[in-house]
Amino acid sequence: MSFDVVISNGRYFDGTGGPSAIRNVGIKDGRVAVVTDEPIRGAEEIDAAGKWVMPGFLDIHTHYDVEVLNGPGLAESLRHGVTTVVVGSCSLSTIHVNGVEAGDLFGRVEAIPREYVIAAIDRHKTWSTAEEYIAALEARPLGPNITAFLGHSDMRTAVMGLERATTYDDEPTKAELAQMERWLTEALDAGFIGLSSQQLLFDRLDGDVCRSRTLPSTYVKHREMRRLTGLVRRRGRVLQSGPDIQHPLKMGMALLRSIGGVRKPLKMSFLAAADAKSNPVGYLFLTGVARVINRLGGDLRWQHLPVPFEVYGDGIDLVIFEELGAGAAALHLRDEVERNALMRDEAYRRRFRKEYDNKFKIGAWHRDFFDAAIVACPDESLVGKTFGQVGLDRGLHPVDAFLDLVVEHGRALRWRTVISNHRPKILKKLAVDPGIQIGFSDAGAHLRNMAFYNCNLRLLRHVQQSIEAGAPFMTVEQAVHRITGELGDFYSIDAGHLRVGDRADVAVIDPAHLDESLDAYAEEAVEQYGGLRRMVNRNDDAVTAVLVGGRTVIRDGVPTDLVGAVRTGSFLRAGRTTPAPEAAVTAGG
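Residues numbered from 1 in each chain as written. Predicted model: local features only at pLDDT ≥ 70, side-chain atom pairs only at ≥ 80, totals over all residues. Heavy atoms only, no water.

1. Examining the sheet that holds strand β10 (residues 238-241)
Strand pairing in a sheet is mediated by backbone hydrogen bonds. Such pairs are either parallel or antiparallel. Across the sheet, eight strands lie side by side as β6-β7-β8-β9-β10-β11-β12-β16; this open sheet has parallel pairing. Where the open sheet ends on each side, the last strands, each with one partner, are β6 (57-59) and β16 (436-438). Across the sheet, the mean angle from the axis of one strand to that of its neighbour is 30 degrees, orientation sign disregarded. Here strand β11 (residues 267-270) pairs with strand β12 (residues 299-304) via four bridges, running parallel. Each residue of the ladder has a partner; that of Lys267, found in β12, is Asp299. Each of β8 (145-151) and β9 (194-196) is contacted by helix α6 (residues 152-160), which is oriented at about 50 degrees to β8, the strand it contacts most. (Pairing = 2+ DSSP bridges. Helix = DSSP H or I, 4+ residues; strand = E, 2+ residues; numbered from the N terminus. Axes fitted to C-alpha atoms, helices over the stretch in contact; angles between N-to-C directions. Contact = heavy atoms within 4.5 Å.)

Written out as structure tokens, the structure reads:
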């Protein structure tokens, strides 16, 4: 038998967690045709001696909803071994809203330039149903595979209007709720993996209509949520959400919804389990809750980023400040002159200092400017210092030191901090916890703030280094399973395995280059966002090859000519197998 592609002599992982072995993999018509220790030949041959051959990674939390329209190759994920991405997270999708509404929903929450969101939707949107959305995506040269949640804020905005959808005084009428149920049913019928909602209260709207209100999904009441989640439960699909961490009782009630009893359990994937500096024991509560709920018949997972959560800020432009009333007040103002006037005001500064010093307030940010280092500034004498150190030098409270520098330098003041996942020992515990689901990259969002495209590679490095040190916390086989097969099975999609008959979505990884290059800072201009320089990862030596649907999209860390020119990915429908594209879909359609 002749094969389209042969990957030879690599250490082969099938994604199930079973033993690995040196094998040759033959690929034909987009699927794995043979796995053997006998020599085989193909039209394209990849020598994987000394390399790891495994299923392509699944990225279960992205906000590529906008970027996939103007840049469907999504090379930033492909180059790190990701072959399937999930869109529609955090109640945000583009199925039913128009351009301006999408701009208001995505712009500030996900730090994607609002004007480009509007332009992308207005230019490309030809769909009004979930099935038409799938067809529109597959008419473009997709790089990786796509699967999707339907966003609750998307539906609520489209059916109620943004003004009514973002107030507690209005609930959807019977007709409006019925329309949302029809839309959700259509999406589940089309193969969407479930519904995404949101209860976190620091995600705020952009635009002029309802600026600084929280997302529409946060205003939902019990009846509406019960009706929608009932549809998801009965179909065995997934509810993805973020709980209201500032109100533990409300959060607990939301999580208990997973328990089935006489009904099916509701599969839930919630944001997010982290070893937060702001709460050093919080992860114990989250993992404990999942353990109890799952023992009682639930099916709850916490999404988790398996690396230190390092974020960068340009001036005050960083989502962590939305947690503070003072921070949200500054971010509410788009005009720099108005914003600077506010930040100079002593009454405002007293408010900021009071909120900063309240260490008992629950939140994601540790509120410690001594743990926030300046990395770029027109005054180069400040680079390397923390805002706390600057405050000591100038005899100022850390908040005043920070605000003074923001007023003086604006977005030219760039700084960094690590919010969570800073203790390797705890990262190991979370990585093996059955209530944890590996994946929270936020790819496609927060373009100037973070870059976790290669988080799966960094997990593999952590595992490998632990094994080499003689203190393993999991095997490589188990790690591969957690970021491939386990996720494909949970979301019921045709991904995550590399057995005979499975889709040929493959990552060939060089373990010798799972090194410090994975941590290096890098930026690259994004053409579809007006040349904005976003944070990226560059570790080309670590990724020998990536295949999607049996076609090679990455060689030696670099995209091939197929990426962005020919469709290699498909929309993966829940509960169904998905063939590789038969005919090439090019950038010209």
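2. Here we look at the sheet that holds strand β14 (residues 373-376)
Spatially, the three strands line up as an open sheet ordered β13-β15-β14, and their pairing is antiparallel. Only two strands of the sheet have a single partner each, and these edge strands are β13 (309-314) and β14. The mean inter-strand angle of the sheet, taken between neighbouring strand axes irrespective of direction, is 35 degrees. Two strands pair when backbone bridges link them, and β13 and strand β15 (residues 414-420) are joined in this way by six bridges, in the antiparallel orientation. Looking at the pairing, Glu310 lines up with Val418 of β15.

3. Remarks on the pairing of strand β21 (residues 551-555)
Here four bridges tie strand β20 (residues 543-548) to β21, and the two strands are oriented antiparallel to one another. Within β21, the residue paired with Ala545 across the bridge is Arg555. Between β20 and β21, which pair antiparallel in sequence order, lie two residues; one of them, Gly549, sits at a positive phi of approximately 60 degrees. Where β21 lies against strand β22 (residues 558-559), two bridges are found, and the strand directions are antiparallel. Counterpart to Ile554 in the pairing with β22 is Pro559. Hairpin connection from β21 to β22: two residues lie between these consecutive antiparallel strands, with Asp556 at a positive phi of about 50 degrees.

4. Concerning the domain arrangement of the protein
What the domain assignment reports for the protein is domain 1 (3-56 + 507-559), domain 2 (57-308 + 421-498) and domain 3 (314-414). Computed over C-alpha atoms only, the centres of domain 2 and domain 3 are separated by 30 Å. Listed as interface residues are 17 residues of domain 2 and, on the opposing side, 18 residues of domain 3. Buried area between domain 2 and domain 3, summed over both chains or domains, comes out near 1600 Å², and the portion from carbon and sulfur atoms is 44%. At the surface where domain 2 touches domain 3, the tally comes to five salt bridges. Close ionic contact of Asp314 with Arg448 constitutes a salt bridge, the shortest N to O distance being 3.0 Å. The interface formed by domain 2 and domain 3 includes 10 residue pairs in polar contact (both at pLDDT 80 or more). (Domains from an automatic or database assignment. Buried area = accessible area lost by both parts, 1.4 Å probe. Salt bridge = Lys/Arg side-chain N within 4 Å of Asp/Glu carboxyl O. Polar contact = N/O pair within 3.5 Å; in protein donor to acceptor, adjacent residues only side chain to side chain.)

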